[in-house]
Structures are given as structure tokens and as C-alpha cells.
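So the chains spell out like this:
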Amino acid sequence: MLKELIVEKIQSSGDPHFNDLLVWVLIQEKSFSSAYIQLKALDKRLSRNQSEIYNLGGLAVKSKDYSSAEKCFDYIIKVGDISPFYTEALIAKTFAHKEQISNNPESTHEQYEALIAELESVKTQINYPEEIIKIDRAIAEIEAYKLQNAERAMEILEDVIATNKTKSDELGYAKILLGDITLAYDDPWEALLYFSQVDKTFGDNEIGQEARFKKAMVAFYEGDFDWAKTQFDVLKAATSKLIANDAMYMSLMISDNTFLDTDSNFTALKLFAKAKLLITREDLDSALLALDFIENTYPAHSLVDDVIWERANIQLTKGQTNEAVQSLLEVVIYNGSKILADDALFLLGDIYENNYSDKDKAMEYYQRVFAEHAGSILASQARAKFRALRGDELYN
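> Mind showing me how you'd approach the overall build of the protein here?
In terms of helices and strands, the protein carries 22 helices and 0 strands. What you see for the protein is a C-alpha radius of gyration of 23 Å, in line with the 21 Å of a compact globule of 396 residues. Seen through its C-alpha atoms, the protein measures out along the principal axes to roughly 80 × 50 × 40 Å. Considering only contacts in the protein between residues 6 or more positions apart, those separated by 24 or more positions represent 52%. For the protein, the computed accessible surface area is about 19700 Å², with 51% contributed by carbon and sulfur atoms. Taking the average location of the 42 positive side-chain charges in the protein and that of its 65 negative ones, the two points are 5 Å from each other.

> What's the story with the packing of aromatic side chains in this structure? I'm lost.
The description of an aromatic ring pair rests on the distance of the ring centres and on the angle between the ring planes. The final tally for this structure, using the stated rule, is 11 aromatic pairs. Aromatic side chains Tyr 36 and Tyr 75 sit 6.4 Å apart centroid to centroid with 75° between the ring planes, which places their arrangement in the edge-to-face category. Of this pair, Tyr 36 sits in helix α3 (residues 32-46) while Tyr 75 is found in helix α5 (residues 66-79), placing the two residues 39 residues apart along the sequence. Residue classification places Tyr 75 among the buried residues on the basis of a relative accessible area of 11%. Pairwise contacts between aromatic rings join Phe 220, Tyr 221, Phe 225 and Phe 266 into one cluster. One Lys or Arg, Lys 134, reaches over the ring of Phe 95 and ends 5.0 Å from the middle of that ring. Positioned over the ring face of Tyr 185 is Arg 281, at 5.2 Å from the centre of the ring.

> So what exactly am I meant to see when it comes to the side chain of Asp 180 here?
On the secondary structure map, Asp 180 appears in helix α10 (residues 169-184). With a relative accessible area of 18%, Asp 180 lands in the buried category.

> How should the packing of helix α19 (residues 339-354) against helix α20 (residues 359-372) be read in this particular structure?
Packed helices, taken two at a time, are described by the angle their axes make and the gap between the axes. In contact at an axis separation of 7 Å, α19 and α20 are set at 160° when each is read in the N-to-C sense. For the element pair α19 / α20, the angle class is roughly antiparallel. Where α19 crosses over α20, the handedness of that crossing is left-handed. Between α19, through Asp 342, Leu 345, Phe 346, Leu 348, Gly 349, Asp 350, Tyr 352 and Glu 353, and α20, the contact on the second element is made entirely by Lys 361, Ala 362, Tyr 365, Tyr 366, Arg 368, Val 369 and Glu 372. Along the lines of polarity and charge, the residues of the contact of α19 with α20 split into 8 nonpolar, 1 polar and 6 charged.

> Is there a simple way to think about α20 in this case?
If you check α20, its first and last C-alpha atoms are 20 Å apart, about what 14 residues at 1.5 Å a residue would give, namely 20 Å. Inspection of α20 places Ala 362, Met 363, Tyr 365, Tyr 366, Val 369 and Phe 370 among the buried residues, and these make up the whole buried set. Looking straight down α20, one finds that the buried residues subtend no more than 170° of arc, so they occupy a single side. Facing away from the buried side of α20 by more than 90 degrees, the exposed set consists of Asp 360 and Ala 371.

> Please explain unusual backbone geometry as it appears in this structure.
The phi angle at Ser 47 is positive, at roughly 50°, despite the residue not being glycine. You can see Ser 47 is positioned in the loop between α3 and α4 (51-62). You can call Ser 47 exposed: its relative accessible area is 64%.

> Looking at this model, I keep getting lost on the nonpolar core. Mind explaining?
Within soluble globular proteins, side chains that are nonpolar tend to cluster in buried spots. Counting 68 residues, the largest nonpolar core has Phe 213, Phe 220, Phe 232, Met 250, Met 253, Phe 272 and Leu 328 as the members making the most contacts within it. In terms of residues, this core owes the most to one element, helix α12 (residues 206-221), which gives 9 residues. The contacts of Leu 328, once residues within four sequence positions are left out, are Trp 309, Ala 312, Ala 344, Leu 347, Leu 348 and Ile 351. Grouped together as the second largest cluster of nonpolar side chains are 31 residues, Leu 90, Leu 115, Ala 150 and Leu 171 included.

> Help me understand the environment of Thr 94 in this model?
Here Thr 94 shows up in helix α6 (residues 86-102). Separated by 27 residues in sequence, Thr 94 and Ser 121 have C-alpha atoms that sit 9.9 Å apart. Those residues in contact with Thr 94 that lie beyond four places of it in its chain are Leu 115, Glu 118, Leu 119 and Val 122.

> Is there a simple way to explain helix α21 (residues 379-390) in this structure?
One turn of the α-helix equals 3.6 residues, which is why residues spaced by three or four share an orientation. Taking 1.5 Å of rise per residue, the 12 residues of α21 would be expected to cover 16 Å, and the 16 Å separating its terminal C-alpha atoms lies within 8% of that figure. Turning to α21, its buried residues number three or more, namely Ala 379, Ala 382, Phe 386 and Leu 389. Seen along its axis, α21 keeps its buried residues to an arc of 95°; they face one direction. Residues of α21 that are buried sit in contact with α19 and α20.

Procedures and definitions
- Just so you know, the residues in each chain are numbered from 1, in the order the chain's sequence is written.
- Where local features are concerned, this predicted model is filtered to residues with pLDDT of at least 70; where side-chain atom pairs are given and counted, the filter is 80 or more; whole-chain, interface and lining totals use all residues.
- Remark: hydrogens and water are excluded; side-chain values derive from all non-hydrogen atoms of the structure.
- Every helix listed is a DSSP run of H or I at least four residues long, and every strand listed is a run of E at least two residues long, numbered separately from the N terminus.
- Both definitions apply: the radius of gyration is a C-alpha atom measure, and the globule rule equals 2.2 Å times residues to the power 0.38.
- The contact criterion used throughout is that any non-hydrogen atoms of two residues lie within 4.5 Å.
- Where accessible areas are quoted, they stem from the Shrake-Rupley method and a 1.4 Å probe; at the residue level, only the protein chains shown are allowed to cover.
- When charges are tallied, Lys and Arg are placed among the positive residues and Asp and Glu among the negative ones, while His and the ends of the chain are skipped.
- Charge coordinates come from a single atom per side chain, which is NZ of Lys, CZ of Arg, CG of Asp or CD of Glu.
- Planes of paired rings set the category: under 30 degrees apart is stacked, over 60 is edge-to-face and the rest tilted, where pairs are Phe, Tyr or Trp rings (Trp by its six-membered ring) whose centres lie within 6.5 Å.
- For every residue, the accessible area (1.4 Å probe, protein chains only) is compared with the maximum for its type, and the residue is labelled buried under 20%, exposed over 50%, or partly exposed between those bounds.
- In this analysis the charged atom, NZ for Lys or CZ for Arg, is taken to sit over a ring once it is within 6 Å of the ring centre and within 35 degrees of the ring normal.
- Axis geometry follows a simple rule: fit a line to the C-alpha atoms, using only the stretch in contact for helices, then measure angles between N-to-C directions, giving values from 0 to 180 degrees.
- Any angle that is under 35 degrees is reported as roughly parallel, and any over 145 degrees as roughly antiparallel; angles of 65 to 115 degrees are reported as roughly perpendicular and all others as oblique.
- If you view the pair so one helix is near and one far, a crossing is left-handed when the near helix is turned anticlockwise from the far one by less than a right angle, and right-handed when it is turned clockwise.
- Under the scheme applied here, ten amino acids are nonpolar (Ala, Val, Leu, Ile, Met, Phe, Trp, Tyr, Cys and Pro), four are charged (Asp, Glu, Lys and Arg), and all others, including Gly, are polar.
- Each helix should span, by expectation, one fewer than its residue count multiplied by 1.5 Å.
- Throughout, the arc means the angular range of directions from the helix axis out to the C-beta atoms.
- By nonpolar core we mean a set of buried residues, namely Ala, Val, Leu, Ile, Met, Phe, Trp, Tyr and Cys, connected to one another through side-chain atoms within 4.5 Å.

Such coordinate-based values are descriptive only and should not be taken to indicate function.
Next up, the structure:
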């Protein structure tokens, strides 16, 4: 009804403000292609600067509507470098393409090779050092985790670090990625060196806290659970909510699985640590085998819910959505009000919203997050998603 009324106003008045209102409604409905048509017409009619179209492309990417995102970025690229968003559109289009290919478990080596060529081409068209480092990081990620060419990935990142001496966020993230790759391919002490350098350089800002978290994870992977827990306990006060939440989970997970474990060697937890390290390497089949071994060998162990949670995330990555849903439901049943239940419920809501387009079921799971887990870091996000699906943002 609201959309029809706006269309009538557009036709009767020609006032562009009503076109903008229609765009807003279409965005709430996630009709990004239709919103693009409206914004393109307004951009040409009113000689705007493409900012709305660029922002729309970003929203489309977040909703995984890559086709609409590409239309937005292509329009700006065709306008040319007279557009203030030309460079941003070039980069955004390529990174949207990277996300689309990376999220598809059926993507081939040839597609990743072509993606690297695309990234290299964009790199030659820009002159911003930070963005060039960002592109090099993306190429290194693909080389290491998609093409299993860790040596080439490390060469790229070492060259980035050697040729960029000034402190910058992107350079910090490049060092963290180099540490991640080094760790995944069995050199934890070299990885620890890179993480420590970033920690020292960036201190208590978000990059420094991420590096500190990575240092604690190295200790966890190596079986030094006491030291790892001490570091996670400190990071529970991190300014980054994501790092604080992850640190809280890791601290509680270590406590739960060492305090009551009658095995003083913590064999099951050490196996779980190795499985998580395999996940960081994106060796998902080996990780699944390791998780299955833990569950079959220690069926009554308190780690079982963590095992199922990791399995669910691997299943999602591999495109096994139905299997992931069943695993997440197991986590909810197993956990009750424990730390993973809110994560599982939120992820179920996301799956039903974006994979199954089942609004009612998505609302049910989002509501359970903020109703049953009011203190969760996810409660406010779940409430916002629930209200958006109910239509509060559209009609109030």
C-alpha cells in the first residue's frame, strides 16, 4: 500500500523526494535491483555524484545480492574517473566478486586464478598505497587458502612489509595475515613473532587487540591452555565487541573442558585445538574427520557442543545448509542457556532469513536470542533484525 501511494505521488508531482522515498522502501524490502533503477534515473536527471548508487552497491553486497551490486558499481565505472567514487567502485566491484566466489563451495581453481588476475588489473589502476596493500592481502589469502600456495602468499606479504615502512592499519593487517598463514602451515613461533610486532606497534586499538587474541590462540593450538586462558581473560575487556565475545567464549571453553576433565593431559581438548587449526588452514575435510574422531572417542565429554558448533560452521562453508541447520539445533538443545546457544539461534535466524527466505521462522529464532539471552552481545542485533522483518522500520 505504501509503495503504491508513493508511486502515485511520483506520477502526479514529479517531485524527486518521492523517488528517494521509494528507493528507501525498496531497500527495506531488499529489492536492490529496483532501487538501482530508481537511483540511476535520479542520478542522470539531477546530475548527482553517484554516492547513493555506491552506497546501494555496498548494501547489496551485505545482502549477498551480487548481481545488483555489480550493476551499481558498473554504472559508476562507466561514468569514469570524473566520478568521485570511480576508484572506490573499481575496488568494491572486485572485492564483491571475491566474496561471491569465496562463498561458493563449487568455485574452481580456474575461477580463483581469474580473480587474482582481476585484482592485479585493478591494482594497476589505483594510486592509493593503503588500497594496494589491501588488494595484495586479498591475493595472498587466495594463494594460501584457495590455491594452497602458501609459499607464494608469504612472498607477497613479505614484499608488502619490506616496501611499506610507515605505520598503517592495512600494513598491520598484512602482518596479521602473514602470521595466520605461517601458523596454519606449521611454524607457530614465527607466527607469534608477527603477532607480537603488531601488538607492540598498535597497542590497545582494535588491530593490536586482534594481534593479542591471535597470540593467545597460538598458545591454545600448542596446548598451553593456562597461559591462553589468562590472555583471553584480559581480552574480555577489549573495546572490540567481536574480540571481547570471542575471548569470552575461548576462556569459558577452556575452563569448561579442563576443570572437570579427569584426563590431566587434556587429550580431547588438544585434539580439538588441532581441529580448529585445520579450520584456519581451510582444510575442512581433515577438520571434519578430527571433529568426528573427538565425538566418537569422547561421546560424554563436555567438548561435544563445541565440536557440533564447529561442524555446523564447516557445513555452512561447504554449502551443506540443511545439515548445518540440524547441527545448530543440536547445539541449542545441548547448550540450553550456555554460551553457544545464542550464537546458534542467531545463525539459524540468518539462515532462515537469507538462505531459505522464511521470514516467520527467521523472526522466531531472532526473538529467541533476545528473549532467552538478554545479556548476549547478539541480543541487540537480533532485536533489530526481528523488527526489520516485522516491518517496524518500514511503517513506523
